[in-house]
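# What the coordinates show
One-letter residues, chain by chain:
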Amino acid sequence: MMAFPRQYIQYEDIRIPGGVHTVESLNYASKEFETRDDDVFNVTYPKSGTTWLQEILSLIYSNGDPTPVKATYSWDRVPWIEQHSGRQHLENKPSPRLITTHLPFHLFPQSFSKTKAKVIYTIRNPKDVCVSLYYFSKIAQFMEYRDDFQDFVSLFLSKDIIFGRWFEHVKGWLTLKDSPNLLILSYEDMIKDLKSNVTKICKFLGKELDDAAINSVVEHSSFQAMKSNPMSNYSAVPNEIFNKDHGNFYRKGIAGDHKNHFTPAQEEEFERIYKECMKDINLSFTEN
Ligand code: PPS
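Scope of this entry: the structure provided in the associated data block. (Residues numbered from 1 in each chain as written. Predicted model: local features only at pLDDT ≥ 70, side-chain atom pairs only at ≥ 80, totals over all residues. Heavy atoms only, no water.)

### Quick notes on the site of the ligand
Heads up, the rule is: Whether a residue is near a molecule or strand depends on its heavy atoms: it is near if one of them lies within 4 Å of it. We call two N or O atoms a polar contact when they sit within 3.5 Å, provided that within protein one can donate a hydrogen and the other can accept it, with sequence-adjacent residues counted only if both atoms are side-chain atoms. Computed with a 1.4 Å probe, the accessible areas rest on the Shrake-Rupley method; for each residue, only the protein chains presented here act as cover. Secondary structure elements follow DSSP: runs of H or I of four or more residues count as helices, runs of E of two or more count as strands, with numbering from the N terminus. Three residue categories are used. Nonpolar comprises Ala, Val, Leu, Ile, Met, Phe, Trp, Tyr, Cys and Pro, charged comprises Asp, Glu, Lys and Arg, and polar comprises the others, including Gly.
The full set close to the ligand counts 23 residues, and Thr-50, Thr-51, Ser-132, Tyr-187 and Lys-252 are the nearest of them. A distance of 2.4 Å is found between an oxygen atom of the ligand and a side-chain nitrogen or oxygen belonging to Thr-51. Between the ligand and Tyr-187, the relevant distance is 2.8 Å, taken from a nitrogen atom to a side-chain nitrogen or oxygen of the residue. Coverage of the ligand by the protein chains reaches 97% of its 650 Å² of free accessible surface. Secondary-structure elements contributing two or more residues to the shell around the ligand are helix H2 (50–61), helix H6 (126–139), helix H9 (187–192) and helix H12 (223–227). Broken down by element, the residue count for the shell around the ligand peaks at 3 residues, all from H2. Per-class residue counts for the shell around the ligand are 10 nonpolar, 9 polar and 4 charged.

Printed below as a string of structure tokens:
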């Protein structure tokens, strides 16, 4: 397989990795995609719990039966709408479709607003997102790479970061916060109590799972279960795309790892920018 170049597409106001995305695939996602009333979208800023939700949603829709998550790749079960294979994956997929996206709200399918489709938006502490993305950029050969952590933090805080800045992404999606069709989840909350979050997701989706099925969803979407599931752990992706010699996609899966990476000066600067950008938004991030 050919390696993806570390090249970016400028799509409207955001930069998106090339190779896996094309202008055509982004136009499809944003402008042409026909949303169905029973579509379910797993929306995240990168490194905020995307893969986790792919697994949880797959397991909820199989009523806790792990067979599908052990038989089919996560990206086929809950495909990304904006990637080059989005159209092929989604056009003829039977309902209800489970769909993943990192798109900011303003580039989300235009057809969405006329439907009853549901969106689950998962938010993670941006400092931990930054750390996770730093390590991911060593593995993902399509990502812009900065060896020096401080350089990476500067990139993360700039408009050149993939899918736009975390701040604008989160604020954009929070404009929908009063919609009954949006469920906001917190990565940190899921770390603390996965079962109550799975129950909350089921309620939002109108899925009635009994206690044994809920427990099975929790068991099969644990960090360890996913890390050892070849259908979800990206081990099948060739090294030209995900270089496994440079790290593991399932790195730590914890809340608060930024404390092991940010210097006090970096924390202070990040906090200053956070406060400036998020002044009207009330979010908190618990740490273990
Ligand atoms: S991506 O590339 O945007 O799809 O990445 P994404 O899946 O959003 O984020 C990857 C981080 O999520 C962690 N992860 C989990 N944490 C806890 N429990 C489970 N089950 C789980 N699955 C994935 C993964 O380890 C990455 O975080 P870091 O901090 O790098 O470990």
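### With respect to the packing of aromatic side chains
We describe a pair of aromatic rings using the distance from one ring centre to the other and the angle between the two ring planes. Filter applied, for reference: Ring pairs are drawn from Phe, Tyr and Trp, using the six-membered ring of Trp, whenever the two centres fall within 6.5 Å, and their geometry is named by plane angle: stacked under 30 degrees, edge-to-face over 60, tilted for the rest. Charge-over-ring contacts are defined here by two conditions on Lys NZ or Arg CZ: a distance within 6 Å of the ring centre and an angle within 35 degrees of the ring normal.
Applying the stated criterion across every chain yields a total of 33 aromatic pairs. Here a set of aromatic residues connected by ring pairs shows up, and it is made of Tyr-45, Tyr-134, Tyr-135, Phe-149, Phe-152, Phe-156, Trp-166, Phe-167, Phe-262, Phe-270, Tyr-274 and Phe-285. Here Lys-118 stacks its cationic end above the ring of Phe-204, 5.2 Å away from the centre of that ring.

### Considerations on the nonpolar core
To keep it simple, the criterion reads: By nonpolar core we mean a set of buried residues, namely Ala, Val, Leu, Ile, Met, Phe, Trp, Tyr and Cys, connected to one another through side-chain atoms within 4.5 Å. Relative accessibility under 20% of the residue-type maximum defines a buried residue, over 50% an exposed one, and the middle range a partly exposed one, all with a 1.4 Å probe and only protein chains included. Note on contacts: a residue pair qualifies if any of its non-hydrogen atoms lie within 4.5 Å across the two residues.
In terms of nonpolar packing, the biggest core is built from 60 residues, with Phe-41, Ile-81, Phe-156, Trp-166, Phe-167 and Phe-242 touching the most fellow members. Here this core gets 7 residues from one element, more than from any other, and that element is H6. Not counting residues up to four positions away in its chain, the partners in contact with Ile-81 are Ser-25, Tyr-28, Ala-29, Phe-33, Phe-41, Gly-86, Leu-90, Ile-99, Thr-100, Thr-101, Leu-103 and Pro-109. Among the nonpolar cores identified, the runner-up in size contains 27 residues, and Trp-52, Leu-57, Leu-59 and Tyr-187 belong to it.

Purely geometric stuff here, so don't read any function into it on its own.
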